[in-house]
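# Summary of structural features
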Amino acid sequence: LPLCFPQKLWKMLESDQFRSIWWSEGGKCVAINKDLFKVEVLGRGICQRVFNTRHIRSIIRQLNLYGFTKVQRDFQRSASLPEFLSEEAAASAHSQILYYYNPSFNRAHPWLLGMCKRR
């Protein structure tokens, strides 16, 4: 049987084959480097394709359909100009990373994966 979206996502996260997607927050969140994911996962040829899409929008739509919510990252800003500028550069690079959370999608509790149902 073909794997459903959460199962494919889990296999990708557990694989060392992908650099564009990883467990974050101690295995409670999915982190996706948007630009790298577009090339590494969505840019694959038909024979090697993981998902039946080439668009990040479709992946985000699937995440939402399966109950994932986007997690916002808050950065504390420094008062000194040089530190502020270096933090801005880091935050800009960090903005390419998307974080998604689902209480039933937790690395420490793989048995909850079966509770990730399409809405």
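This is a predicted model, so every value here is computed, not measured. (Residues numbered from 1 in each chain as written. Predicted model: local features only at pLDDT ≥ 70, side-chain atom pairs only at ≥ 80, totals over all residues. Heavy atoms only, no water.)

## Notes on the environment of D35
Following the sequence through the fold, D35 ends up in helix α2 (residues 34-40). Under the relative-accessibility criterion, D35 is labelled partly exposed at 39%. Considering only alpha carbons, one finds D35 and I97, 62 residues apart in sequence, at a separation of 8.5 Å. (Helix = DSSP H or I, 4+ residues; strand = E, 2+ residues; numbered from the N terminus. Buried < 20%, exposed > 50% of the residue type's maximum accessible area, 1.4 Å probe, protein only.)

## Notes on the pattern of salt bridges
All told, the structure shown has 1 salt bridge when counted by the stated rule. Here R107 ties to E14 by a salt bridge, and the two come within 3.1 Å at their closest N and O atoms. Separated by 93 residues along the polypeptide, R107 in the segment after β4 (97-101) and E14 in helix α1 (residues 5-14) bring together distant segments of the chain. Using a relative accessible area of 44% as the deciding quantity, one classes R107 as partly exposed. (Salt bridge = Lys/Arg side-chain N within 4 Å of Asp/Glu carboxyl O.)

## As for the state of the cysteines
Applying the stated criterion to the full structure yields 0 disulfides. Among the cysteines around C4, which has no disulfide bond, C116 carries the closest sulfur, lying 8.1 Å off. (Disulfide = S-S within 2.5 Å.)

## Brief notes about the environment of P103
For P103, the location among the structural elements is in the segment after β4. As a C-alpha pair, P103 and M115 span 12 residues in sequence and 9.4 Å in three-dimensional space.

## Re the packing of aromatic side chains
Centre-to-centre distance and the angle between the planes together describe a pair of aromatic rings. For the structure shown, the criterion picks out 6 aromatic pairs. For the ring pair W10 and F105, a centre distance of 5.3 Å and an interplane angle of 75 degrees mean the geometry is edge-to-face. You can see W10 sitting in helix α1 and its partner F105 sitting in the segment after β4, a full 95 residues away along the chain. Exposure class is identical for W10 and F105. Each is buried. When the ring of F68 is compared with that of F105, the centres are 5.1 Å apart and the planes differ by 65 degrees; the resulting orientation is edge-to-face. (Phe/Tyr/Trp six-rings, centres within 6.5 Å; stacked < 30°, edge-to-face > 60°.)

## Quick look at the sheet that holds strand β2 (residues 29-33)
The sheet built from 4 strands is open, its strands ordered β1-β2-β4-β3 with antiparallel pairing. Of all the strands in the sheet, just β1 (21-24) and β3 (69-70) have a single pairing partner and so form its edges. Pairing analysis gives 5 bridges linking β2 to β4, with the strands arranged antiparallel. What sits directly across from N33, in β4, is I97. α1 contacts β1 and β2 of the sheet and is inclined by roughly 85 degrees relative to β1. (Pairing = 2+ DSSP bridges. Contact = heavy atoms within 4.5 Å. Axes fitted to C-alpha atoms, helices over the stretch in contact; angles between N-to-C directions.)

## So, helix α3 (residues 56-65)
What α3 keeps buried is the set I56, S58, I59 and L63. Each buried residue of α3 sits inside an arc of 160 degrees when the element is viewed along its axis, so together they form one side. On its buried face, α3 is in contact with α1, β2, α2 and β4. Of the residues trailing α3, G67 is marked for its positive phi of about 85 degrees. (Arc of directions from axis to C-beta.)

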